[in-house]
Amino acid sequence: MRLRRLLLLLVLGCFAGLFEATLRTFLPWPVVDVRPVLPILVCFIILRQPESAYVFAVSSGAVLDLFSVGGMTLAFARFLIIALLIALVAETVLTNHSLYAAIALTLLSRAFDWLWLALAHTAVRFGGGAGSLFPHWQEIAWTLGLDACIITFAFLLNHFVFKRFVAFRLSRY
Amino acid sequence: MIILGAIFAVALLHVAGLLQPVENGVRWALMPVAQAFAAIGSATNKNGNNGDTVQTLKQKNSELESRLSSVSVDYVELKSLQEENISLRKVANFLNDSGYDHVGARVIARTTDPQLASVLIDRGTEDGIEVGMAVIADDGVFVGKVTSVSQRVATVTMTSDQGSRVAASLGGEHQLLGLVQGEGNGVARLTLVPQGQALKANDIIVTAGTEEKIPANLAIALVNQVDGKPTDPFKTATLEPLTRVDKLDLVIVLRPAALRPH
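Residues numbered from 1 in each chain as written. Chains lettered and ligands numbered in written order. Predicted model: local features only at pLDDT ≥ 70, side-chain atom pairs only at ≥ 80, totals over all residues. Heavy atoms only, no water.

Colleague: Explain the pairing of strand 12 (residues 250-256) of chain B to me, using residue names and the numbers behind them.
Modeller: Residue and element names in this part refer to chain B. When you tally the buried positions in strand 12, you get 5 out of 7 residues, the bulk of the element. Alignment of strand 1 (residues 100-110) against strand 12, held across 7 bridges, turns out to be antiparallel. Considered in strand 12, the bridge of Y100 is made with P256. Bridge analysis of strand 3 (residues 134-137) against strand 12 gives 3 bridges, and the strand direction is antiparallel. Note that in strand 12 the partner of A137 across the bridge is V251. (Buried < 20%, exposed > 50% of the residue type's maximum accessible area, 1.4 Å probe, protein only. Helix = DSSP H or I, 4+ residues; strand = E, 2+ residues; numbered from the N terminus. Pairing = 2+ DSSP bridges.)

Below, the structure is given as structure tokens:
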């Protein structure tokens, strides 16, 4: 990976992490549930750039850790492990890299994310801390819907503007 | 295994505090962007309608009207007392005489979990902030206390957070009344109030001043409803906060003057 690309990914990760940690938390419902990190991460995997996804996951997660309320929550590790799992699923199960696969991978990544957070909250509550074990169903539904919209928008943007999927198909056949 | 090892190593280094210089450096570099994001988010939130429906607004209006009628009798007297208080504070220079200094801070992040009510502010140990210090809104209402702090940022736990506990007394009285416990969802409850203690709706609950870094007589909330049977040893009361945490953009940390950095 070139240095310029690496820097670009780090900056993108920082902005996405800062958005999730700061700006998003001020926004009213339902915009408060816009979480762009995981859909962007899936985009990189769908575009067959897993290394970019890993760099983006670590940088956005690290910034989220540094600016989230209550201190470090190992978001960098969470996003990195999710990126690895999604890359594995994209390589072995959902291999066609279609729009449907992109949406399915995004929803799967969100499920992994919530599973991790539920385990973390269980541990915190076990230690006497407070907090919701799982989000409200409205928040779940809305977040999943927004995730699907973001990945669809990114996929179509990539397809119609940058012609990446057309190029990929032409080179393949 | 290598990745898991790396994650474990980073977590260990963080706990040991060896990553502090790096973390502070990144926070310093990104703080202007975080503050800009917070300002944008805050402005957007103020311009939005926050999802209040007509039904909700009507209900709020009727509640406010009933409250207005109940407090209107006291208004004139309170107004004159307030004016007197303002002039006295100016003369006495309250903050200096009480041994407290104040540090303005911007809220740069909030928790979105309804059970929790915590915010991240852009002040830390280098501004003399310490764990346990009182945090007030710009109108002087006590909103919470500092629960964790690093060099450049600090976490403030609000009174409605499920983990929050603040010693409280009744406005105008100088004895410990009970404990304000956070209940989540923006609600707090006054607990451990002796059964013999007179307490009624619309009483003002203030800080008791028994905690080391929290001065007395900072308004916390209004009593909404008093609960408990006469046979219970203690009674409780649901409290209505005097300021909305989700509207807080700027807060003031009360710092003992002795800790003022030079």
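Colleague: An account of the sheet that holds strand 1 of chain B is needed here, citing residue identities and associated values.
Modeller: All names here are of chain B. Taken in spatial order, the 6 strands of this closed barrel run 1-2-5-4-3-12, and their pairing is antiparallel. Put simply, the sheet's adjacent strands are angled 45° from each other on average, direction ignored. When strand 4 (residues 142-149) meets strand 5 (residues 154-158), the two strands line up antiparallel, connected through 5 bridges. Its bridge partner being in strand 5, V146 is matched across the sheet by V156. (Axes fitted to C-alpha atoms, helices over the stretch in contact; angles between N-to-C directions.)

Colleague: Outline the domain arrangement of chain B, supporting the account with residue identities and numerical values.
Modeller: Note: interface size is frequently given as the accessible area lost on complex formation between the parts. Residue and element names in this part refer to chain B. On domain assignment, one finds that chain B holds domain 1 (1-99) and domain 2 (101-259). With 18 residues of domain 1 in contact, the opposing surface of domain 2 contributes 23 residues. Summing both partners gives a buried area of about 1,700 Å² for domain 1 against domain 2, and 47% of it is carried by carbon and sulfur. Counting every contact that joins domain 1 to domain 2 gives 0 salt bridges. Our count for the domain 1 to domain 2 interface comes out at 3 residue pairs in polar contact (both at pLDDT 80 or more). For the side of domain 1 that touches domain 2, the secondary structure elements donating two or more residues are helix 2 (20-47) and helix 3 (54-92). In terms of residue count, the dominant contributor to the side of domain 1 that touches domain 2 is helix 2 (11 residues). For the side of domain 1 that touches domain 2, a count of residues per class yields 7 nonpolar, 7 polar and 4 charged. (Domains from an automatic or database assignment. Contact = heavy atoms within 4.5 Å. Buried area = accessible area lost by both parts, 1.4 Å probe. Salt bridge = Lys/Arg side-chain N within 4 Å of Asp/Glu carboxyl O. Polar contact = N/O pair within 3.5 Å; in protein donor to acceptor, adjacent residues only side chain to side chain. Nonpolar A, V, L, I, M, F, W, Y, C, P; charged D, E, K, R; others polar.)

Colleague: Quick rundown of the packing of aromatic side chains? Include the residues and the values.
Modeller: Residues and elements named next belong to chain A. Considering all chains together, one arrives at 2 aromatic pairs over all chains under this definition. On the numbers, 5.8 Å between centres and 55° between planes, the contact of F44 with F56 is tilted. With F44 in helix 2 (residues 37-46) and F56 in helix 3 (residues 50-67), this pair connects stretches of sequence that are 12 residues apart. There is no split in this pair, since F44 and F56 are both buried. (Phe/Tyr/Trp six-rings, centres within 6.5 Å; stacked < 30°, edge-to-face > 60°.)

Colleague: Hey, could you go over the sheet that holds strand 11 (residues 234-241) of chain B for me, with residue numbers and the actual values?
Modeller: All names here are of chain B. The antiparallel closed barrel is built from 6 strands, whose spatial order is 6-7-8-11-10-9. Put simply, the sheet's adjacent strands are angled 45° from each other on average, direction ignored. Relative to strand 10 (residues 219-227), strand 9 (residues 204-207) runs antiparallel, the two being bridged by 3 bridges. What sits directly across from I204, in strand 10, is L222.

Colleague: Please provide a residue-by-residue account of the packing of helix 3 of chain A against helix 4 (residues 75-92) of chain A, values included.
Modeller: Residues and elements named next belong to chain A. At a minimum axis separation of 7 Å, helix 3 and helix 4 run at an interaxial angle of 155°. Considered as vectors, helix 3 and helix 4 are oriented roughly antiparallel to each other. As helix 3 packs across helix 4, the resulting crossing turns out to be right-handed. On the side of helix 3, the interface is formed by Y54, A57, V58, S60, G61, A62, L64 and D65, while helix 4 contributes A75, F76, R78, F79, L80, A83, L84 and A87. (Parallel < 35°, antiparallel > 145°, perpendicular 65-115°, else oblique. Left-handed = near helix turned anticlockwise from the far one by under 90°.)

Colleague: With reference to specific residues and values, describe the interface of chain B and chain A.
Modeller: Across the boundary between the two partners, chain B contributes 39 residues, which contact 29 residues of chain A. Carbon and sulfur atoms supply 78% of the area that chain B and chain A bury against each other, a total of about 2,800 Å² over both sides. At the junction of chain B and chain A, the tally comes to 0 salt bridges. Run the count over chain B and chain A and you get 2 residue pairs in polar contact (both at pLDDT 80 or more). When residues of the side of chain B that touches chain A are traced back to their parent elements, those giving at least two are helix 1 (2-16), helix 2, strand 1 and strand 2 (118-121) of chain B. Looking at the side of chain B that touches chain A, the element that brings in the most residues is helix 2 of chain B, giving 14 residues. Broken down by class, the residue content of the side of chain B that touches chain A amounts to 21 nonpolar, 13 polar and 5 charged.

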